Amino acid sequence: MKKIFVTAEIGINHNGDMKLAKKLIDTAVIAGCDAVKFQKRTIDAVYTREFLDSPRKSPWGETQRAQKEGLEFCLEEYQEIDHYCRGKGIAWYASAWDVESQIFLRQFNLKYNKVASAMLTKDALIEEIAKEQRYTFIATGMSTYEEIDHAVEIFEKYQCPYELMHCNSTYPMPYEDANLKLIAALKDRYHCKVGYSGHEDGTLVSTCAAAMGATSIERHITLDRTMYGSDQKASIEPPELLKLVRDIRRIEAILGSGEKVLSPAEEEVKKKLRG
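Residues numbered from 1 in each chain as written. Predicted model: local features only at pLDDT ≥ 70, side-chain atom pairs only at ≥ 80, totals over all residues. Heavy atoms only, no water.

Of the consecutive residues Tyr 171 and Pro 172, the connecting peptide bond is found in the cis state with omega at -10 degrees. Within the element layout of this structure, Pro 172 appears in the loop between strand 8 (162-167) and helix 9 (182-190). Phi is positive for Gln 133, which is not a glycine, with a value near 60 degrees. Structurally, Gln 133 can be placed in the loop between helix 7 (123-132) and strand 7 (135-139). For Asn 179, which is not a glycine, the phi torsion comes out positive at approximately 50 degrees. Here Asn 179 is to be found in the loop between strand 8 and helix 9. Assessed through its relative accessible area of 47%, Asn 179 is described here as partly exposed. (Helix = DSSP H or I, 4+ residues; strand = E, 2+ residues; numbered from the N terminus. Buried < 20%, exposed > 50% of the residue type's maximum accessible area, 1.4 Å probe, protein only.)

Here it is as structure tokens:
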């Protein structure tokens, strides 16, 4: 079985703090993740002025704008992230929420792209991503088959390699909504790799997804679920991330190749019991 690609989704859980971002990157490296992921937004392109001027208390001020801008890293900070990840030997990428952000990310020559579930129906952004022809993870939360069909058509048009990710966009997701049988259904419909992006408590659903054939696993991570932030409660803490990656690698070994081959140890038992 090929290795399951594990991404630690830092997203906006760094709370605009580079020291915290680096600690989360370190956590992903120690756990043995393949990549870390961030989120990039151009605030005035994604949100209306009316929304940004509306009230919201946060560590950065009293408005939605203050909160949103407080969570965004600038060019110098992304350059620092890029340098830090390269030094640690771990890939990084980000989900862009607007065309300007996707163009911004292009300067880092990242190996992967990500379409967030919320962006799956944004054709201008989808086209901008697909034109790059970088391997792209496409989350399918909140989406109908017709909406997924349309996004896939765009990626096929530009001959951009992609992998769908089964996802339920509730934070945190109740176990009974996981519907992991959809992983196989998506594989059958689209004839492509299908991973799992989870927002549930704990690691059980994600390990089950790995056992059911998910080719990638993405989970939000945090140092402490009680920290400020809308995604913190749907994230896993460092001990859980370590357990998740360990269990995924064990599952890969447990599932094996599917070929009927006797191991050397079994051959010895055969000699003893069959003579």
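Judged by nonpolar contacts, the single largest core of 72 residues is most densely connected at Cys 33, Val 36, Phe 38, Trp 92, Phe 155 and Leu 164. The element best represented in this core is helix 1 (residues 18-31), accounting for seven residues. Those residues within four positions of Leu 164 in sequence are excluded, and the remaining contacts are Ile 138, Thr 140, Ile 148, Val 152, Tyr 190, Cys 192, Lys 193, Val 194 and Gly 195. (Core = buried A, V, L, I, M, F, W, Y, C linked by side-chain atoms within 4.5 Å. Contact = heavy atoms within 4.5 Å.)

Applying the stated rule across the entire model yields 19 aromatic pairs. Between Phe 73 and Tyr 78 the ring centres are 6.1 Å apart and the planes differ by 85 degrees, which places this aromatic pair in the edge-to-face class. What makes Tyr 78 buried here is its relative accessible area of 1%. Three or more aromatic residues link up through ring pairs in this structure, and these residues are Phe 38, Phe 73, Tyr 78, Trp 92, Phe 104 and Phe 108. Above the face of the Trp 97 ring, Arg 41 is positioned so that its terminal group lies 4.0 Å from the ring centre. Above the ring of Tyr 145, the side-chain terminus of Arg 189 is found at 4.1 Å from the ring centroid. (Phe/Tyr/Trp six-rings, centres within 6.5 Å; stacked < 30°, edge-to-face > 60°. Lys NZ or Arg CZ within 6 Å of the ring centre and 35° of its normal.)

This part is about the side chain of His 199. Relative to the elements of secondary structure, His 199 occurs in the loop between strand 9 (194-198) and helix 10 (204-211). Among the polar contacts listed, one links the side chain of His 199 to the backbone oxygen of Asn 168, at a separation of 3.1 Å. Apart from the residues lying within four places of it in its own chain, the contact partners of His 199 are Cys 167, Asn 168, Ser 169, Thr 170, Tyr 171, Pro 172, Met 173, Arg 219, His 220 and Ala 234. (Polar contact = N/O pair within 3.5 Å; in protein donor to acceptor, adjacent residues only side chain to side chain.)

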